[in-house]
Amino acid sequence: MHRVLLREVVIDAPSETFAATRAFWAAALLTEAQQVERFPEFTVMPQPAALSWVGLQNIGPEKTARYHLDIETDDVDSEVNRLKQLGAVQVAAGRAWVVMQDPSGLLFDVVPAESPWFEERSRLVQ
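To start, this report covers the structure provided alongside it. Sequence order sets the numbering: in each chain, residues are counted from 1 along the sequence as written. pLDDT decides what is reported in this predicted model: residues at 70 or higher carry local features, side-chain atom pairs at 80 or more are listed and counted, and totals for whole chains, interfaces and linings draw on all residues regardless. No hydrogens and no water enter the side-chain calculation; it runs on all heavy atoms of the structure.

### Here's the deal with the pairing of strand β1 (residues 2-13)
- We call a residue buried when its accessible area falls under 20% of the maximum for its residue type, exposed when it is over 50%, and partly exposed in between, using a 1.4 Å probe and counting protein chains only. Secondary structure follows DSSP: runs of H or I at least 4 residues long count as helices, runs of E at least 2 residues long count as strands, and numbering of each begins at the N terminus. β1 sits mainly inside the fold: nine of its twelve residues count as buried.
- Note: two strands are recorded as paired if DSSP finds a minimum of 2 bridges between them. Alignment of β1 against strand β9 (residues 123-125), held across three bridges, turns out to be antiparallel. Within the sheet, the bridge partner assigned to Val-4 lies in β9 and is Arg-123.
- Where β1 lies against strand β4 (residues 53-58), six bridges are found, and the strand directions are parallel. Across the sheet, the residue bridging to Glu-8 is Trp-53, located in β4.

Here it is, written out as structure tokens:
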């Protein structure tokens, strides 16, 4: 058994519009955008006007802007297998996460549990 939680909305923006997108969403959600030093393609927005974490990712040149969701879990492999059984497809693997696609083609990530509210808000998969 393992636990899952929809943790984060990530705004994926191409390089040419990334600065404007970051400034817009920081102002819209009344927060300050902060680049992640260790992984500069990512930006966090602490304490946004949102129920979940909100982040931004610079997806590079010539790509289409989109959103993706992060599903947090205490067992990435088990959750990936469960989601495959439900109809998702694995697209790629990152440093500690797995990129997947839902049946309609939308991307999402399965990530290790890190949020301070994971124990409180996550649900047990049986």
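### Regarding the environment of Ser-122
- With respect to the secondary-structure elements, Ser-122 resides in the loop between α3 (118-121) and β9.
- On a C-alpha basis, the gap between Ser-122 and Ile-11 in space is 23 Å, while along the polypeptide they are 111 residues apart.
- Setting aside anything within four residues of it in sequence, one finds Ser-122 in contact with Arg-3, Val-4, Leu-5 and Trp-117.
- Within 3.5 Å is the distance limit for a polar contact, defined as a pair of N or O atoms, with the added protein rule that one can donate a hydrogen and the other accept it, and that residues adjacent in sequence qualify only through two side-chain atoms. A polar contact of 2.7 Å, which involves the side chain of Ser-122, links it to the backbone oxygen of Phe-118. For this analysis, residues touch if any pair of their heavy atoms sits within 4.5 Å.

### Looking at the nonpolar core
- Definition of nonpolar core: a set of buried residues of the types Ala, Val, Leu, Ile, Met, Phe, Trp, Tyr and Cys, connected through side-chain atoms within 4.5 Å. By size, the foremost hydrophobic cluster in this structure holds eleven residues: Val-4, Ile-71, Val-76, Val-80, Leu-83, Ala-88, Val-98, Met-100, Phe-108, Val-110 and Val-125.
- Every element with two or more residues in this core is listed here: α2 (76-85), β7 (98-101) and β8 (107-112).
- For this core, the element with the most residues is α2, which contributes three residues.
- When neighbours within four sequence positions are excluded, Val-125 is seen to be in contact with Met-1, His-2, Val-4, Glu-79 and Arg-82.
- Ala-26, Leu-29, Met-45 and Leu-56 belong to the second largest nonpolar core, which has eight residues in total.

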